[in-house]
Amino acid sequence: GVKLLLHGLCSNTTVKSLDLKGNNLRAMGAEALGKLLRQNKSIRSLTLEWNSLGMWEEGFSFFCQGLRANSFLQRLDLRNNQINHQGAGELAMALTQNTSLQELDLRWNNVGLLGGRALLNCLHSNKTLKRLELAGNNVPGDILKAVEQALDHNQDREAILSEAQNRVSILSKEVLSLKDEKNKQFMDLMDTVDKQKEEKARSEKLSAARVSQLQEALDEQYSIMNSLKTKLQMTEAALALSEQKVHNLGELLNAMKQEQKCVAECHFRELQQQKQESADREGRLLQDLSAASEKNLLLRNQVDELERKCKVQQDQLLQVKQDLTNTTAELKLRAVEAEERLEAEKKRFKQSLEDIESLRVKEVDRMRQQMETGERSMHSRIQRLEAIRVSLEEELSQVKAAALAERGQAEEELMKARSQARLEEQQRLEHLKEKLRQMTESRDEAQNCCLKQKEMVAEAQAKAKQLSLYADGLRRRLDELQQDLDNKEEEKVTELNKVKVELQEQIGHLEAERAAQDGLREKIAALERQLRALSSNHREALLDKEGEISLLLEKLRTKEAEISRVREEEAQRASFLQNAIMAYVQGSPLGTHSSRK
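The residue numbering used here restarts from 1 in each chain and proceeds along that chain's sequence as written. Only residues with pLDDT of at least 70 get local features here, since the model is predicted, and only at 80 or more are side-chain atom pairs given and counted; chain-wide, interface and lining totals rely on the full set of residues. Side-chain measures were taken over the full set of non-hydrogen atoms in the model, leaving aside hydrogen atoms and water.

K.L.:
It is not clear to me how the overall build of the chain should be interpreted in this structure. Could you clarify?
P.N.:
Strands are runs of DSSP state E lasting at least 2 residues, helices are runs of H or I lasting at least 4, and numbering of each runs from the N terminus. Secondary structure summary: the chain contains 10 helices and 5 strands in total. Dimensions along the principal axes, computed over C-alpha positions, put the chain at roughly 190 × 55 × 30 Å. Note on classification: 1.4 Å probe, protein chains only; a residue is buried when its accessible area is under 20% of the maximum for its type, exposed when over 50%, partly exposed between these limits. For the chain, buried positions account for 29% of its 597 residues. Of the roughly 38,200 Å² of accessible surface on the chain, 53% is carried by carbon and sulfur atoms. Under the convention used here, Asp and Glu are negative, Lys and Arg are positive, and both His and the chain ends fall outside the count. To locate a charge, take NZ of a lysine, CZ of an arginine, CG of an aspartate or CD of a glutamate. In the chain, 95 positive and 100 negative side-chain charges are present, and the distance between their average locations comes to 6 Å. Accessible areas in this description were obtained via Shrake-Rupley with a 1.4 Å probe; residue shielding takes into account the shown protein chains only.

See below:
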């Protein structure tokens, strides 16, 4: 009946306590119990009092084999089962490999001295047994004391293990809290990035307002140019009035021709003399015309030189723009590289945290099995953490040095670009002023020439009454000279318009370049702010990491101190046991008999 009952319980998963006290179990029952212990995974307490299992050596050995393979039973009651020293030895062999049994009751059996020694020896390898009752088994008192010491040692070991597990759970919670804090820091970083984007939008709005102000200034300059144009138109109208006066004078000359024909014969001789004077005057006029033409050529050469200088300055501005674009692109690339490095460091740190968690879980499992393997794994962890910390510090130093070098280069390039732009603007303003001065001088010279020519025309009109025959030729020459002057004035006006247009274009280019430079400066300032914020956040994260590492090192040191203390206690207990055993052996009759032999 017991065999069938135990066979049914082999596959049961709900029964946790089994009491078979006083059922006269024999060899078949012991074998069935061994099979039950091998297959069942739910029974935690087994009571076998008053069953005389020790009488059946084969069945009890099979029962001990099942106990050796079981890893779920926690309490076993074997009182009054007539277990001798051989059965105790088999039980000791089973307990050396069992890792779940915590309480074993062997009272009122016949274990004896040899069985007690076997059980004491098995306690050196079994670290889970907390309670072992050996009353009424003819076991000497020193062995009982040694067994109690070993059980106390196991209890202390379990207390230490529980404390270690609690500490590991606390460390895991701390690691999770650190992860949460890091996630919060990452979210803060994202918020700062959003704020920086908003600041960029604000700076763009400010730049748009500045551009509008510059456009207003340009409009003012355009109004000034329009006023100059109106002045030029007034001068042109004055010139047209002078031309009309010349035409009126020509009509008066035609009216006076008829009167002069009568007097021409009388004044023929005087005309010959006046011809010579007129020839001299013509020579002077030709000289004046050649001088004016030479001045025009000089003005044209100056204009060509100014155009070349403008082209050279435009090329220089293009080069400066390219340099600025290159520097901005380099700064952007470096900022992206810094962000990638930060992300890579974050990933490495996360991986290192995951590795540390896995190592801690493994260490907890190993601590349950062997304390020595736990110590080695802790040393390896410390070395890995130190290596990670050293690598992180090196990478941080490299990133800081690169950022400082890039920042210094960018600042130097900005100072150079600013100084060059200022010098170029000053030079351009000076050139423009010189051009305006030259144009005003040329205009004054042209006006003086026109006044001189008008005076010459008035003198010719005064003398026209006396010069009848030669007046036609002089008038034709005057008309030709006026045409030449008109052409020259038109050319001057066109040249002035061209110069004005070129100046306006140059002013527009300069203002556009100023706006671009202002935008680049603002972008560079924003990038510098971003770099500063990233560097400060990175420093804070590193300081947090160093604090965490220091806390972990302190905890490891405390654990090592506790482990060393436990080892010393174990060594002291082992020495006490050895001394007690040696004293017992020397004081026992067996020891005296062996000494006599």
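K.L.:
What exactly am I supposed to notice about the pattern of salt bridges here?
P.N.:
For side chains of opposite charge, pairing can occur when their charged atoms come near one another. The salt bridge criterion pairs a side-chain nitrogen of Lys or Arg with a carboxyl oxygen of Asp or Glu, the two atoms within 4 Å. All chains considered together, the criterion is met by 15 salt bridges. As a salt-bridge pair, Asp105 and Arg79 come within 3.5 Å of each other at their nearest N and O atoms. Highlighted residues: Asp105 in strand β4 (residues 103-105) and Arg79 in the loop between β3 (75-77) and α4 (85-97), separated in sequence by 26 residues. A relative accessible area of 21% means that Arg79 is categorised as partly exposed.

K.L.:
Would you mind showing me how to read the UniProt feature "coiled-coil region" (unreviewed entry) in the chain here?
P.N.:
Here, UniProt's "coiled-coil region" (unreviewed entry) annotation points to residues 161-199, 225-259 and 289-569. From the first C-alpha to the last, residues 161-199 spans 56 Å; its make-up is 100% helix and 0% strand. The span residues 225-259 is 100% helical and 0% strand by assignment, and the distance between its end C-alpha atoms comes to 52 Å. UniProt positions are given in the numbering used here, feature names are shortened, and annotations may be inferred rather than shown by experiment.

K.L.:
It is not clear to me how the environment of Leu114 should be interpreted in this structure. Could you clarify?
P.N.:
By secondary structure assignment, the location of Leu114 is in helix α5 (residues 112-125). Once the C-alpha coordinates of Leu114 and Cys266 are considered, the two residues, 152 residues apart in sequence, prove to be 180 Å apart.

K.L.:
For this particular structure, what's the right way to read the state of the cysteines?
P.N.:
Working definition of a disulfide: a covalent bond connecting the sulfur atoms of two cysteines. Two cysteine sulfurs form what is called a disulfide whenever their separation falls within 2.5 Å. This model, assessed by the stated rule, comprises 0 disulfides. The structure places no disulfide on Cys64, whose sulfur is separated from the nearest cysteine sulfur, that of Cys122, by 11 Å.

K.L.:
Can you walk me through the nonpolar core in this structure?
P.N.:
In globular proteins that are soluble, nonpolar side chains generally tend to be buried together. Ranked by internal contacts, the top residues of the largest apolar core, which has 46 residues, are Leu48, Leu76 and Leu78. For this core, the secondary-structure elements that each account for two or more residues are α1 (2-9), α2 (27-39), α3 (57-69), α4, α5 and α6 (141-264). Those residues in contact with Leu48 that lie beyond four places of it in its chain are Leu20, Leu25, Leu33, Leu53, Phe63, Leu76, Asp77, Leu78, Arg79 and Asn81. Grouping buried Ala, Val, Leu, Ile, Met, Phe, Trp, Tyr and Cys residues that are joined through side-chain atoms within 4.5 Å yields what is termed a nonpolar core. Residue contacts are defined here by distance: any two heavy atoms, one from each residue, within 4.5 Å place the two residues in contact.

K.L.:
Teacher, can you tell me more about the packing of α2 against α3 here?
P.N.:
For any two helices packed against each other, one specifies the crossing angle of their axes together with the interaxial distance. All axes are obtained by fitting lines to C-alpha atoms, using only the stretch in contact for helices, and the reported angles, taken between N-to-C directions, cover 0 to 180 degrees. Contact geometry for α2 and α3: axes closest at 7 Å, N-to-C directions at 10 degrees. As far as their axial angle goes, α3 and α2 are roughly parallel. When α2 is examined against α3, the residues Ala27, Ala30, Glu31, Leu33, Gly34, Lys35, Leu37 and Arg38 are found in contact with a partner set consisting of Gly59, Phe60, Phe62, Phe63, Gln65, Gly66, Leu67 and Ala69. Its residues assigned to classes, the contact of α2 with α3 shows 9 nonpolar, 4 polar and 3 charged. In these notes the angle categories are as follows: under 35 degrees is roughly parallel, over 145 is roughly antiparallel, 65 to 115 is roughly perpendicular, and the rest is oblique. Under the convention adopted here, Pro, Cys and the residues Ala, Val, Leu, Ile, Met, Phe, Trp and Tyr are nonpolar, Asp, Glu, Lys and Arg are charged, and Gly plus all remaining residues are polar.

K.L.:
Looking at this structure, how should I read α3?
P.N.:
Because each turn of an α-helix spans 3.6 residues, side chains separated by three or four positions end up pointing in the same direction. Helix length check: α3, at 13 residues, gives a terminal C-alpha distance of 19 Å against a target of 18 Å (1.5 Å per residue), a fit within 8%. For α3, the set of buried residues is Gly59, Phe60, Ser61, Phe63, Cys64, Gly66 and Leu67. In the core, the buried residues of α3 are packed alongside α2, β2 (45-47), β3 and α4. To estimate the expected span of a helix, count its residues, drop one, and scale the result by 1.5 Å.

K.L.:
Can you walk me through α5 in this structure?
P.N.:
Along α5, the positions that sit buried rather than exposed are Gly112, Gly115, Gly116, Leu119, Leu120, Cys122 and Leu123. Burial along α5 is one-sided: seen end-on, the buried residues are contained in an arc of 160 degrees. Exposed side of α5, more than 90 degrees from the buried face: Leu114 and Asn121 are the residues found there. Working definition: the arc comes from the directions between the helix axis and the C-beta atoms, pointing outward to the latter.

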